[in-house]
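Remarks on the overall topology
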Amino acid sequence: MSLEQVDSLRTMLLARRSGPPPSLEQRRAGFEAQMAMIPLPADAVFTSDPELPGLWVDLPGGDSSAAILWLHGGAFVLGSSASYRDFGCRLAASSGVRVFLLDYRLSPEHVFPAALDDSDAALDRLTARGLKLAVGGDSAGGNLAVAAIQARIAKGQTVPDACLLVSPYLDLTHIGNSAATRAHLDPFVDPATMTATAATYHGDADPADPRVSPLFGAINGFPPTLIQVGSDEVLFDDAKRFADRLPDVVFQEWVGMIHVWPLFAIDEGDWAIVQIGSFVQRQLLQT
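The structure contained in this document is the topic of the report that follows. As the structure is a prediction and not an experimental result, all values here were calculated from the model.

Side note on the overall build of the chain
Secondary structure assignment for the chain yields nine helices and eight strands. Taking 2.2 N^0.38 as the reference for a compact globule, 287 residues should give roughly 19 Å; the C-alpha atoms of the chain span a radius of gyration of 17 Å, in line with that estimate. For the chain, the C-alpha atoms occupy an extent of roughly 50 × 45 × 35 Å along the three principal directions. Out of the 287 residues in the chain, the part that is buried amounts to 55%. Contacts spanning at least 24 positions in sequence make up 79% of the contacts within the chain whose residues lie at least 6 apart. When the accessible surface of the chain is split by element, carbon and sulfur atoms take 56% of a total near 11800 Å². Charge separation in the chain, taken as the distance between the mean sites of 20 positive and 34 negative side-chain charges, equals 3 Å.

As for helix α4 (residues 114-128)
The terminal C-alpha atoms of α4 lie 21 Å apart, and with 15 residues this matches the ideal 21 Å at 1.5 Å per residue to within 8%. By the burial criterion, the buried members of α4 are A114, A115, L116, D118, S119, D120, A122, L123 and L126. Contacts from the buried residues of α4 go to β2 (54-58), β3 (63-71), β4 (97-102), β5 (132-138), α5 (140-154) and α7 (191-202). Immediately downstream of α4, the backbone of G130 shows phi near 75°, a positive value.

Description of the pairing of strand β6 (residues 162-166)
The buried count for β6 comes to five of five residues, which makes it a mostly enclosed element. Here β6 shows two buried faces, one formed by A162, L164 and V166 and the other by C163 and L165. Both β5 and β6 contribute to a ladder of five bridges, which runs parallel. Its bridge partner lying in β6, G136 is registered against L164. The β-α-β motif built from β5, the intervening α5 and the parallel element β6 has right-handed crossover chirality.

Points about the environment of R152
If you trace the backbone, R152 turns up in helix α5. Residue R152 is classed as buried on the basis of its relative accessible area of 5%. Through-space distance from the C-alpha of R152 to that of V255 is 34 Å; in sequence the pair is 103 residues apart. Sequence-distant contacts of R152, that is, excluding residues within four places in its chain, are made with D120, L123, D124, T127, Q157, T158 and V159.

As for the side chain of D171
Counting through the fold element by element, D171 comes out in the loop between β6 and α6 (178-181). Look at D171 and you get buried, because its relative accessible area is 0%. Reaching out from D171, the side chain makes a polar contact with the side chain of R241 at a distance of 3.0 Å. Not counting chain neighbours up to four residues away, the residues in contact with D171 comprise G176, S213, L215, F216, D238 and R241.

Looking at the packing of aromatic side chains
Throughout the structure, instances matching the rule amount to eleven aromatic pairs. On the basis of an interplanar angle of 45° and a centroid distance of 6.4 Å, the ring pair of F31 and Y84 is categorised as tilted. Taken together, the residues span a long stretch of sequence, with F31 in helix α2 (residues 24-36) and Y84 in the loop between β3 and α3 (85-95) at a distance of 53 residues. There is no split in this pair, since F31 and Y84 are both buried. Each ring, one from W254 and one from W261, has its centre 5.7 Å from the other, and the planes form 45°; the classification is tilted. The pair W254 / W261 is uniform in exposure class, with both members buried. Joined through ring pairs, the aromatic side chains of F31, W70, Y84 and F87 make up one cluster. Its guanidinium or amino end placed over the ring of F46, R85 lies 5.7 Å from that ring's centre, counting from NZ or CZ.

Side note on the sheet that holds strand β7 (residues 225-230)
Read across the sheet, eight strands follow the order β1-β2-β4-β3-β5-β6-β7-β8 without closing on themselves; strand pairing throughout is mixed. Every interior strand has two partners, whereas the edge strands, β1 (45-47) and β8 (249-254), have only one. Within this sheet the neighbouring strands show an average axis-to-axis angle of 20°, counted without direction. As judged from the three bridges shared by β1 and β2, these two strands associate in the antiparallel manner. Bridge pairing links F46 to V57 in β2. Its contacts with the sheet place α3 against β1, β2, β3 and β4, and it is angled at close to 155° to β4. Packing against the sheet, α5 makes contact with β3, β5 and β6, and its axis sits at approximately 140° to β5.

Let's talk about the layout of surface pockets
The probe, sized like a water molecule, is rolled over the atoms to show the empty space still left. One number sums up the size of the second largest pocket: a volume of about 160 Å³. Around the second largest pocket, the lining residues are P113, L116, D117, D120, A147, Q150, A151, P210, R211, G217 and A218. Here the residues of the lining of the second largest pocket sort into six nonpolar, two polar and three charged.

About the criteria used
Residues numbered from 1 in each chain as written. Predicted model: local features only at pLDDT ≥ 70, side-chain atom pairs only at ≥ 80, totals over all residues. Heavy atoms only, no water. Helix = DSSP H or I, 4+ residues; strand = E, 2+ residues; numbered from the N terminus. Rg over C-alpha atoms; globule rule 2.2 N^0.38 Å. Buried < 20%, exposed > 50% of the residue type's maximum accessible area, 1.4 Å probe, protein only. Contact = heavy atoms within 4.5 Å. Areas by Shrake-Rupley, 256 points an atom, 1.4 Å probe, with all protein chains shown as cover. Lys, Arg positive; Asp, Glu negative; His and termini not counted. Charge placed at Lys NZ, Arg CZ, Asp CG, Glu CD. Expected span 1.5 Å × (residues − 1). Pairing = 2+ DSSP bridges. Right-handed = clockwise from strand over helix to strand, strands pointing away. Polar contact = N/O pair within 3.5 Å; in protein donor to acceptor, adjacent residues only side chain to side chain. Phe/Tyr/Trp six-rings, centres within 6.5 Å; stacked < 30°, edge-to-face > 60°. Lys NZ or Arg CZ within 6 Å of the ring centre and 35° of its normal. Axes fitted to C-alpha atoms, helices over the stretch in contact; angles between N-to-C directions. 1 Å grid on protein atoms, 1.4 Å probe; cavity = no way out; pocket = protein on both sides within 12 Å on 5 of 7 lines; lining within 4 Å. Points joined across faces, edges and corners; volume = space filled by probe spheres on them. Nonpolar A, V, L, I, M, F, W, Y, C, P; charged D, E, K, R; others polar.

Have a look at this one:
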């Protein structure tokens, strides 16, 4: 049944490519409106943080000694803590810990390294509170999660207890083979627009800079990492090449899945989040 759900989703996403492309303002507003339609658990509590932009997601019985810092996707240009509330609730339910959804600064208003600086600062703040901490992200958020950990490694600082990556966008030079070989399978990421999308984020910086493309950054001292990627993704090689470099990694290739499928209300999206929750519990609550 889940593959049928993905096929319907694939058809819907491909249909959006026909006609003139929407403006960035329309894309942002459309995404926020679409995500706002998802019903949220009645017992979920959303609170702001006095030191960080974003939202805490709490469900009854959650362990307050541990947390997930989640960096949302959206090609560095859209998405917010508000639009990721449903995803945050599902993460909190599966992991049994609090989730913080960071509102990092978006491009093109704020180009590199603004979003990375915000992610690094959030890690600083949450680490200082003595929490057992996992940092994760989907797509562009996965880029920021990895780059922020690498920034801490470079500074000789403590790294989080775990890293969680869903369909990570780690190579803004786009030299992975899957950008060409899986383009016909991926309804979400269009290789024809990837260079322009990347430039919107990195501006005048070199896309091969490891801070921009953390696939090329340091991995010595990197925490245990879970990587989930769909077999039909243009960004498959970003995930696989990074997994091949890591000393402590669980790499999951999900057959037939498309970019950031756990964000959607499909069976395998729910199953993937269950796997994330189990990984978080092992790394944060059983050590």
